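Working through the structure, step by step
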Amino acid sequence: MDESDLMAAAGLPAEKAELLRHLHRFTGERLEGAQACRARAVAALEESRDAEADLHAFLRECWEVLDGLAREVNACMEHLFPDAGLYPPMEMTRQCTFYVLRMKLHERPDTAGHPVSQLLWQQTRDSPAEAYRRLSFLYNLSLFFPLSLVEGRLPGSADLPSTVRGLLKTADVAGCEAAEGMDAILRWLNGFVQECYRRLARAIQSDA
C-alpha cells in the first residue's frame, strides 16, 4: 500500500493528516536506507572489506522502520480510540516507540482485540517470525556490543562470549550467512509494514 492509499483512508483532520504524511515518509525513507545498507554490506563482504559498520547501520535503519511505523499506528489508532490513553499525535515524543506502543495497544481492553494490535503482538511477541527474532537480537546486541562478521556470517546467540550473554534477554537465534539473513529481515519487514498499512486503512474506512 502506498502513501496515497493510506492517506485516502485516514480521514484525519488536516493538521493530523499532514503529520501522518511526514511520519509515513520517514518510515519509507528508513526502509530504503536499510536496503542501501544491505547492498553496501554485501558488496563489502564480496570484496573482502570490513562490513561491520554497514551491518550496524542496517540494523539501526530496520529498527527505525518499526519505530516509525509505531508512530503512524499511534496517530491512526488515537484517532479511532481517543480515550485509549495513546500518545496525542500532535504532542508525541521519543517515547512513542515500537515496544511501548505494542504494549499499550495490547494492555488496553478497548484496543487489544483490534486487527492492528493483534498483528503487532502476534508477529513480534506471541509467535515472532524468525526474521524478527534475528533483527531484535542483533539490534539490541548492537546497542552496546561491536558486531563481528566471522566468515561473512551474522552471529547467533551461541556465538556470543559468556560475559555478554547475561546482558540480553534469553534468545535462541542461530547464526546465518549475512546476505541471507539481511534479505530475510528485509522481506519480513516490508511484508509486516504493508500488512499493517492494509489493516489500518480497513479500520479507518470502516469507522468513517
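Residues numbered from 1 in each chain as written. Predicted model: local features only at pLDDT ≥ 70, side-chain atom pairs only at ≥ 80, totals over all residues. Heavy atoms only, no water.

Another aspect to go through is the overall build of the protein chain. Along its length, the protein chain carries eight helices and two strands. Beginning at the N terminus, the succession of helices and strands in the protein chain can be written as α-α-α-α-α-α-β-α-β-α. Whereas a compact globule of 208 residues would reach a radius of gyration of roughly 17 Å, the protein chain reaches 18 Å, a difference of no more than 12%. Considering only contacts in the protein chain between residues 6 or more positions apart, those separated by 24 or more positions represent 66%. Put simply, the protein chain shows about 10400 Å² of open surface, and 48% of that area lies on carbon and sulfur atoms. Within the protein chain, the 31 negative side-chain charges are centred at a point lying 3 Å from the centre of the 23 positive side-chain charges. (Helix = DSSP H or I, 4+ residues; strand = E, 2+ residues; numbered from the N terminus. Rg over C-alpha atoms; globule rule 2.2 N^0.38 Å. Contact = heavy atoms within 4.5 Å. Areas by Shrake-Rupley, 256 points an atom, 1.4 Å probe, with all protein chains shown as cover. Lys, Arg positive; Asp, Glu negative; His and termini not counted. Charge placed at Lys NZ, Arg CZ, Asp CG, Glu CD.)

Two side chains that carry opposite charge are able to pair once their charged atoms sit near each other. Under the defined criterion, the tally for this structure stands at 13 salt bridges. Note that Arg-25 and Glu-29 form a salt bridge whose closest N and O atoms lie 2.8 Å from each other. Highlighted residues: Arg-25 and Glu-29, both in helix α2 (residues 14-46), separated by four residues, approximately one helical turn. The exposure class assigned to Arg-25 is exposed, which follows from its relative accessible area of 55%. Between Arg-40 and Asp-54 there is a salt bridge; the shortest N-O distance is 3.3 Å. One end of the pair, Arg-40, is in helix α2; the other, Asp-54, is in helix α3 (residues 52-80), and 14 residues separate them in sequence. A relative accessible area of 43% places Arg-40 in the partly exposed class. One network of salt bridges, in which partners are shared, links Glu-195, Arg-198, Arg-199 and Arg-202. (Salt bridge = Lys/Arg side-chain N within 4 Å of Asp/Glu carboxyl O. Buried < 20%, exposed > 50% of the residue type's maximum accessible area, 1.4 Å probe, protein only.)

Next up on the list: the nonpolar core. Core analysis: the biggest nonpolar cluster contains 65 residues, and Phe-58, Leu-66 and Val-73 have the highest contact counts within it. Elements with a minimum of two residues in this core: α2, α3, α4 (98-107), α5 (115-126), α6 (130-142) and α8 (178-207). Leaving out residues up to four positions away in the same chain, Phe-58 has contacts with Ala-34, Cys-37, Arg-38, Met-182, Ile-185 and Leu-186. (Core = buried A, V, L, I, M, F, W, Y, C linked by side-chain atoms within 4.5 Å.)

Tallying each qualifying case throughout the model produces seven aromatic pairs. When the ring of Trp-63 is compared with that of Phe-98, the centres are 6.4 Å apart and the planes differ by 80°; the resulting orientation is edge-to-face. Of the two residues, Trp-63 is situated in helix α3 and Phe-98 in helix α4; the sequence distance between them amounts to 35 residues. Under the relative-accessibility criterion, Trp-63 is labelled buried at 4%. Classification of Phe-98 as buried rests on a relative accessible area of 1%. (Phe/Tyr/Trp six-rings, centres within 6.5 Å; stacked < 30°, edge-to-face > 60°.)

This part is about the side chain of Thr-111. For Thr-111, the position within the fold is in the loop between α4 and α5. Classification of Thr-111 as buried rests on a relative accessible area of 0%. If sequence neighbours within four positions are ignored, Thr-111 has contacts with Phe-81, Ala-84, Lys-104, Leu-105 and Ser-117.

Running from N to C, α2 and α3 point in directions that differ by 160°, and their axes come no closer than 8 Å. Considering the angle they form, α2 stands roughly antiparallel to α3. Between α2 and α3 the crossing geometry is left-handed. The residue inventory of the contact of α2 with α3, partitioned by class, reads 15 nonpolar, four polar and ten charged. (Axes fitted to C-alpha atoms, helices over the stretch in contact; angles between N-to-C directions. Parallel < 35°, antiparallel > 145°, perpendicular 65-115°, else oblique. Left-handed = near helix turned anticlockwise from the far one by under 90°. Nonpolar A, V, L, I, M, F, W, Y, C, P; charged D, E, K, R; others polar.)

What follows covers the environment of Cys-37. With respect to the element layout, Cys-37 can be found in helix α2. C-alpha of Cys-37 to C-alpha of Ala-51: the two residues are 14 residues apart in sequence and 9.7 Å apart in space. Beyond its immediate chain neighbours, meaning those up to four positions away, Cys-37 contacts Asp-54, Ala-57, Phe-58 and Glu-61.

Moving on to the side chain of Glu-61. Relative to the helices and strands, Glu-61 is located in helix α3. By relative accessible area, Glu-61 is classed as buried at 17%. Apart from residues lying up to four places away in sequence, Glu-61 is in contact with Arg-30, Gly-33, Ala-34 and Cys-37.

Time to look at a nonpolar patch on the surface. On the surface, Leu-143, Phe-144 and Leu-167 cluster together into a nonpolar patch covering about 300 Å² of accessible area. As for its position among the elements, Leu-143 is in the loop between α6 and β1 (153-154). On the accessibility criterion, Leu-143 (47% relative accessible area) is partly exposed. (Patch = residues over 30% accessible without salt bridge, like charges linked within 9 Å, V, L, I, M, F, W, Y side chains within 5 Å.)

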